[in-house]
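# Overview (structure and organization)
Here are the chains, one letter per residue:
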Amino acid sequence: MHKPARIYRPAKTAMQSGKAKTQAWVLEFEPGAAKRPDPLMGWAGSADTDGQIRLTFETQELAIGYANRHGIAFDVAPPKAARVRPKSYADNFKYDRVR
């Protein structure tokens, strides 16, 4: 039996100005065990191999169908709507611009 999975649509990173890699739906398993440092190298590691699995799907329905076919319990996180703030390049040079 698998641990519960999370199905979500990733948000763009702080380093992105576009929407690349934010249209696909992702299925990831919740961490089953805490990571612990390796005594020799000090790297964080775990015996939980399900945490390495990250599946991507074109639609939410495909991700849910995959989870149902394989008997994986899941939670769906609805995507957050992006807020668009219209800006004009000329606003950078306005006389009454707030500093």
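Residues numbered from 1 in each chain as written. Predicted model: local features only at pLDDT ≥ 70, side-chain atom pairs only at ≥ 80, totals over all residues. Heavy atoms only, no water.

A few words now on the overall build of the chain. If you tally the helices and strands in the chain, you get 1 helix and 6 strands. When the helices and strands of the chain are placed in sequence order, the string is β-β-β-β-β-α-β. Since a compact globule built from 99 residues should have a radius of gyration of about 13 Å, the 20 Å found for the chain marks it as more spread out than a globular shape. Its C-alpha atoms give the chain principal-axis dimensions of about 65 × 40 × 15 Å. Across the 99 residues of the chain, 17% fall into the buried class. Taking the contacts inside the chain whose residues are at least 6 apart along the sequence as the reference set, 53% of them involve residues at least 24 apart. (Helix = DSSP H or I, 4+ residues; strand = E, 2+ residues; numbered from the N terminus. Rg over C-alpha atoms; globule rule 2.2 N^0.38 Å. Buried < 20%, exposed > 50% of the residue type's maximum accessible area, 1.4 Å probe, protein only. Contact = heavy atoms within 4.5 Å.)

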